[in-house]
Amino acid sequence: SNTLRPYLNAVRSTLTAAMCLDNFASQIVEKHNVPEIEAGNTKEVLLNPLVVSRNENEQVLIESSINSVRVSIKIKQADDIERILAHKFTRFLMMRAESFVILRRVPIKGYDISFLITNFHTEQMYKHKLVDFIIEFMEEVDKEISEMKLSLNARARIVAETYLSQFV
Amino acid sequence: MILLEPNSYVLEETLLARFNSEKHEVVDITLVDFDNVIYHVQTQAEQRNLLTLGVEMKYFNEVVQYGANDILQREYGPYLSASASGQYQITLQFDLDALPEDKAGLAKHVSLLKRNILASPFVRAFEYWESQQEGAGPLMATHYREDEAIYVQAHQDRVTVIFSTLFREEVDRVLGKVFLQEFVDARRQASIQNAPQVFYSSREAPLEIRHLPGLKQDESVGYVSFVLFPRHFADADAREQTISQIQLFRDYLHYHIKCAKAYMHSRMRTRVSSFLKVINRAKPDRTTAASEKRTATGRYFRPQFRQASASPQQGGEGEW
């Protein structure tokens, strides 16, 4: 609909701005290097979190710090079946978090899936491609869930018809 | 293969292999069928020509009251034998040297054993309707699975069949609701307007059986009622077809729920691999030649991006 493009553009520009990451050795433990947004003890390197919301069911929370960014997405789930599909899908992805590199194994409370991007990732991968990936991910997930729901309904209709047409 | 077959294909194949084999081997095979029915095909070492088929069907005692023994006698009379052990409710014995000409037909007939036994409450309900007695017939319950049952009741102008089915998982429950809603709505289609009417309720039992003791009425249980009209069982062919199909309803539903889950799983796999491709595009690819540039004296360049695997450095630092 007409709010999708502005929503995705807002997320894209916020992410591009938030992903200016630098190496930061831990100030608490010598020789340690942790993503500061996850540790959360050095207050001065944490930036203000930002929520970009399309409506109350679709939001993106972007929390950033000096060496890491955490992006949490809330997927649109209108009814029971969409809720189950979204839950299965995100669980499927999160179990494969290792191959995805930037995916977090557990989502932040209140959201469906979370990404953690550190300065090491931005050094190894192109920043604009990372942002592209997240935006494409948001679009694809919605499309996939509505496609799965449609195919489920079509399958149910065929199953019912085949069974009942035997009795005629 | 959308529809399930009423006969047990594996039993038919096994029996046919035994019937057709030249020498009588000693066998001891256990097979399973839908709804916790177990078949045991065996031969004793001493009498190799006698093939025993033991059928374990825990609900047999229930269907005996609806006339199952008559059906058993009529269909498989010459092969019935007394049960050797208490485990098998029905035992059939075949003399491999004295089989009828049509061995394939016999094998197929035996593989329909479960279907014929479970047909007894339906047959009795249809006979009640034929006798045109006043009022509703007796309510016949068959607990063919743990926690699940079929209830059949004949009326003057219709026969009602109620299934109680258990959905153990939340996902199954939601998918089951989607499927059953389609069953209820299917009659809108012109081509199947004459199909039986289907009703579905997710927790409460329908009025006809609400008075029964021990009914499960919680989140995980669903009740599906079929209303069969006289056109479905008035003439003999339609009757047989109806009985074969209606028995398998619960298995058919759960089979398709599982197929739907498997399909979603394979779709998610494809989607995940396409995401992986996208994210791999984010990594700049480096050929080995470009990543290990050396000067004439043998010092290496360190590339701009830090590499996953460290390249050997011989004192050269910083970029040139």
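Residues numbered from 1 in each chain as written. Chains lettered and ligands numbered in written order. Predicted model: local features only at pLDDT ≥ 70, side-chain atom pairs only at ≥ 80, totals over all residues. Heavy atoms only, no water.

## Concerning the overall build of chain B
Okay, step 1: Counting secondary structure elements, chain B contains ten helices and ten strands.
Okay, step 2: Taking 2.2 N^0.38 as the reference for a compact globule, 320 residues should give roughly 20 Å; the C-alpha atoms of chain B span a radius of gyration of 31 Å, well beyond that estimate.
Okay, step 3: For chain B, with 320 residues in total, the buried portion stands at 47%.
Okay, step 4: Put simply, of all contacts in chain B between residues at least 6 apart along the chain, 57% involve residues at least 24 apart.
Okay, step 5: About 16700 Å² of surface is accessible on chain B, with carbon and sulfur atoms providing 49% of the total.
Okay, step 6: Of the side chains in chain B, 37 bear a positive and 41 a negative charge, and the two mean positions are spaced by 14 Å. (Helix = DSSP H or I, 4+ residues; strand = E, 2+ residues; numbered from the N terminus. Rg over C-alpha atoms; globule rule 2.2 N^0.38 Å. Buried < 20%, exposed > 50% of the residue type's maximum accessible area, 1.4 Å probe, protein only. Contact = heavy atoms within 4.5 Å. Areas by Shrake-Rupley, 256 points an atom, 1.4 Å probe, with all protein chains shown as cover. Lys, Arg positive; Asp, Glu negative; His and termini not counted. Charge placed at Lys NZ, Arg CZ, Asp CG, Glu CD.)

## Structural notes on the pattern of salt bridges
Pairs may arise between side chains of opposite charge once their charged atoms sit close together.
Okay, step 1: A full pass over the atoms with the stated rule returns 33 salt bridges over all chains.
Okay, step 2: When the shortest N-O distance is used, the salt bridge between Arg115(B) and Glu240(B) registers 3.0 Å. Of this pair, Arg115(B) sits in helix H5 (residues 113-118) while Glu240(B) sits in helix H8 (residues 236-247), and the two are 125 residues apart along the sequence.
Okay, step 3: Taking the shortest distance from any N to any O, the salt bridge between Asp251(B) and Arg250(B) comes out at 3.5 Å. For the pair formed by Asp251(B) and Arg250(B), the shared burial category is buried.
Okay, step 4: Each of Glu140(A), Lys143(A), Glu144(A), Glu147(A), Arg267(B) and Arg271(B) takes part in a single network of salt bridges with overlapping partners. (Salt bridge = Lys/Arg side-chain N within 4 Å of Asp/Glu carboxyl O.)

## Concerning the interface of chain B and chain A
Okay, step 1: Contacts between the two partners involve 50 residues from chain B and, on the opposite side, 45 residues from chain A.
Okay, step 2: Between chain B and chain A, roughly 4800 Å² of surface is buried when both sides are summed, and carbon and sulfur atoms account for 73% of that area.
Okay, step 3: In this structure, the connection of chain B to chain A is made through eight residue pairs in polar contact (both at pLDDT 80 or more).
Okay, step 4: At the level of secondary structure, the elements contributing two or more residues to the side of chain B that touches chain A comprise helix H7 (170-185), strand E10 (221-228), H8 and helix H9 (249-281) of chain B.
Okay, step 5: Take the side of chain B that touches chain A: its biggest share by element is 18 residues, from H9(B).
Okay, step 6: Per-class residue counts for the side of chain B that touches chain A are 32 nonpolar, nine polar and nine charged. (Buried area = accessible area lost by both parts, 1.4 Å probe. Polar contact = N/O pair within 3.5 Å; in protein donor to acceptor, adjacent residues only side chain to side chain. Nonpolar A, V, L, I, M, F, W, Y, C, P; charged D, E, K, R; others polar.)

## Describing the domain arrangement of chain B
Residues and elements named next belong to chain B.
Okay, step 1: Domain assignment breaks chain B into domain 1 (9-118) and domain 2 (132-263).
Okay, step 2: Computed from C-alpha coordinates alone, the two centres of domain 1 and domain 2 are separated by 29 Å.
Okay, step 3: Residue-level contacts link ten residues of domain 1 with 13 residues of domain 2.
Okay, step 4: A combined buried area of about 1100 Å² lies between domain 1 and domain 2, and 48% of that area is made up of carbon and sulfur atoms.
Okay, step 5: If you look at where domain 1 meets domain 2, you find two salt bridges.
Okay, step 6: When residues in the side of domain 1 that touches domain 2 are grouped by element, the largest group, three residues, is from H5.
Okay, step 7: Looking at the side of domain 1 that touches domain 2 residue by residue, the classes come out as five nonpolar, one polar and four charged. (Domains from an automatic or database assignment.)

## Quick word on unusual backbone geometry
The phi torsion of most residues other than glycine is negative, and most of the peptide bonds are trans.
Okay, step 1: A positive phi is found at Val101(A), a non-glycine position, where the angle reads about 65°.
Okay, step 2: Locating Val101(A) in the fold gives a position in the loop between helix H4 (97-100) and strand E4 (113-118).
Okay, step 3: Classification of Val101(A) as partly exposed rests on a relative accessible area of 32%.
Okay, step 4: The phi dihedral of Asp35(B) falls on the positive side, at around 60°, and the residue is not glycine.
Okay, step 5: Counting through the fold element by element, Asp35(B) comes out in the loop between strand E1 (28-33) and strand E2 (37-43).

## Digging into the nonpolar core
Okay, step 1: Formed by 124 residues in total, the largest nonpolar core has its most connected members in Phe133(A), Leu164(A), Phe94(B), Phe183(B) and Phe226(B).
Okay, step 2: Per-element accounting of this core gives the leading share, 16 residues, to helix H6 (residues 127-165) of chain A.
Okay, step 3: When residues of this core are sorted by domain, at least three fall in each of domain 1 (9-118) and domain 2 (132-263) of chain B.
Okay, step 4: Look past the residues within four positions of Leu164(A) in its chain and what remains in contact with it is Phe183(B), Ala186(B), Ile192(B), Ala195(B), Pro196(B), Val198(B) and Phe226(B). (Core = buried A, V, L, I, M, F, W, Y, C linked by side-chain atoms within 4.5 Å.)

## Here we look at the pairing of strand E3 (residues 68-74) of chain A
All names here are of chain A.
Okay, step 1: Across the seven residues that make up E3, a large majority, six, are buried.
Okay, step 2: With six bridges joining them, strand E2 (residues 58-64) and E3 adopt antiparallel strand pairing. Bridged to glutamine 59 within E3 is lysine 74.
Okay, step 3: Where E2 hands over to E3, the hairpin turn is made up of three residues, counted between the paired strands.
Okay, step 4: Where E3 lies against E4, six bridges are found, and the strand directions are antiparallel. Note that in E4 the partner of valine 71 across the bridge is phenylalanine 115. (Pairing = 2+ DSSP bridges.)

## Considering the confidence of the model for chain B
Residue and element names in this part refer to chain B.
Okay, step 1: Taken residue by residue, chain B gives an average pLDDT of 83. The fraction at 70 or more is 90%.
Okay, step 2: Looking across chain B, the model is least confident in helix H10 (residues 288-291), with a mean pLDDT of 50, and most confident in H9, with 91.
Okay, step 3: For this predicted complex, the interface confidence score (ipTM) comes to 0.86, while the overall pTM stands at 0.84. (pLDDT = per-residue confidence, 0-100.)

## A short note on the packing of aromatic side chains
Okay, step 1: The final tally for this structure, using the stated rule, is 19 aromatic pairs over all chains.
Okay, step 2: On the basis of an interplanar angle of 90° and a centroid distance of 5.2 Å, the ring pair of Phe115(A) and Phe137(A) is categorised as edge-to-face. On the criterion of sequence distance, the pair formed by Phe115(A) in strand E4 and Phe137(A) in helix H6 is long-range, its members being 22 residues apart. Taken as a pair, Phe115(A) and Phe137(A) share a single burial class, namely buried.
Okay, step 3: An angle of 70° between the planes, with centres 5.8 Å apart, marks the rings of Tyr163(A) and Phe183(B) as edge-to-face. Residue Tyr163(A) is found in helix H6, and its partner Phe183(B) is found in helix H7; the two belong to separate chains. (Phe/Tyr/Trp six-rings, centres within 6.5 Å; stacked < 30°, edge-to-face > 60°.)

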